[in-house]
Amino acid sequence: MKFQICLFLSLFLTSLISSQERIHIDEKGDTISQISFQEKWRNKDLGLSRWDSIGKDKKRYTILKKDLYQAGFIDYNVIKTEINNITPIKITDSSTIIIEYYYKDDLCSSTSDNKWTKKEIDYRKIFLDPMRNNLTKDNIVFICLFENGINLKNSPNKKDEYFFLDKNNFIKESVFRSRTLCGSHAAIKPNGQILVRNGEYRVDYFAQHLKPKNWSLFFDNKN
C-alpha cells in the first residue's frame, strides 16, 4: 500500500510540474508561443541558451539568451590560483583547464533541488570518470564546480575528488556570469584564451573545441 501511495504522489507531482503554466520569452524580450520558443532554442545558428525560473506568481518563465558561446581572454593565473585555493588540485602553468559548472536553482530536471547527495555524485562520476581520465592524458585538468548555496556532499579530502563548491562564487562571477539551464562548460588555456559554452553538453564533446581547426573558429591565432 505504501508503495502505491508513493507512486501516486510521484505521478501527481510530475503531472503538476508538467502542467505548470509557462511564459516563453525570446532573446529580444518578447513573449512568444511555446512552438516558436522551441524552434528558436533548437536552431543552433541563432546561438541561443536558456534559463528557467519560477516567478512570484508561481509561473515558470523560460527565457532565451544570445550567449550559447562566449569567447575572450582572462587572467589564467588568477583562475588557477582560485582553483588551488578552493580545491586540493594543483594545476601546472602548462595545463588547460576545463570546468563543468552547476548553477543554483537550475530547473534542468523535475528532481532539481539544490542538493547533491553522495549517491548522486557517485552516479554522475560513473559517467564522467572515463572522460576525465582521457582528458588528463592530454594535460587537461577537468573539475566540476557548484555555485555556492548548493548542498554538495562531496569528499573534499579525497585524493581523486573533482567535485567542489565554488565557495565565494569567484569562478561564477569571473567566468560563468550568465546562468544557463543544465549548466555550462569553460575551457581556459595558459595563454588566457577562454571559451564558454552555455547549456547541457558532454564534456568530451566540448573538449573537441580545443582542436586547432575548431579553436580557430573563435580565435584568430592557432594557439
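Coordinates for the structure precede this section.
So, here's what we can say about the structure. (Residues numbered from 1 in each chain as written. Predicted model: local features only at pLDDT ≥ 70, side-chain atom pairs only at ≥ 80, totals over all residues. Heavy atoms only, no water.)

1. Details of unusual backbone geometry
- Here Lys 58, not a glycine, exhibits a phi torsion of approximately 70 degrees, which is positive.
- Along the polypeptide, Lys 58 turns up in the loop between strand E3 (49-54) and strand E4 (60-65).
- Here Asn 139, not a glycine, exhibits a phi torsion of approximately 60 degrees, which is positive.
- Within the secondary structure, Asn 139 sits in the loop between helix H4 (118-137) and strand E8 (140-147). (Helix = DSSP H or I, 4+ residues; strand = E, 2+ residues; numbered from the N terminus.)

2. Observations regarding the sheet that holds strand E1 (residues 22-25)
- The sheet built from 4 strands is open, its strands ordered E2-E1-E4-E3 with mixed pairing. The open sheet has two edge strands, strand E2 (31-32) and E3, and neither has a second partner.
- Bridge analysis of E1 against E4 gives 4 bridges, and the strand direction is parallel. By the bridge assignment for E4, Arg 22 is matched with Arg 60. (Pairing = 2+ DSSP bridges.)

3. Notes on the environment of Ile 35
- With respect to the helices and strands, the residue Ile 35 is situated in helix H2 (residues 34-42).
- A C-alpha to C-alpha distance of 15 Å links Ile 35 and Leu 48, two positions 13 residues apart in sequence.

4. What to know about the packing of aromatic side chains
- Evaluation of the coordinates by the stated rule reveals 13 aromatic pairs.
- Ring centres 5.3 Å apart and planes at 70 degrees place the aromatic pair Trp 116 and Phe 146 in the edge-to-face group. Here Phe 146 lies in strand E8 and Trp 116 lies in strand E7 (residues 115-116), a separation of 30 residues in the sequence.
- Overall, the relative accessible area of 0% leaves Phe 146 in the buried class.
- Judged by centre distance (6.3 Å) and plane angle (70 degrees), the rings of Tyr 201 and Tyr 205 are edge-to-face.
- Residue Tyr 201 is classed as partly exposed on the basis of its relative accessible area of 27%.
- By relative accessible area, Tyr 205 is classed as partly exposed at 45%.
- Taken together, Tyr 102, Trp 116, Phe 142, Phe 146, Tyr 162 and Phe 163 form an aromatic cluster joined through their ring pairs. (Phe/Tyr/Trp six-rings, centres within 6.5 Å; stacked < 30°, edge-to-face > 60°. Buried < 20%, exposed > 50% of the residue type's maximum accessible area, 1.4 Å probe, protein only.)

5. Points about the state of the cysteines
- Taken as a whole and assessed by the stated rule, the structure comprises 1 disulfide.
- The side chain of Cys 108 participates in a disulfide bridge whose partner is Cys 182; the two sulfur atoms lie 2.0 Å from each other. On the sign convention where negative means left-handed, the S-S torsion of about 95 degrees between Cys 108 and Cys 182 marks this disulfide as right-handed. Of this pair, Cys 108 sits in the loop between strand E6 (96-102) and E7 while Cys 182 sits in the loop between helix H5 (170-174) and strand E11 (184-188); the two residues are 74 residues apart in sequence, bridging distant segments of the chain.
- When its relative accessible area of 21% is taken as the criterion, Cys 182 is described as partly exposed. (Disulfide = S-S within 2.5 Å.)

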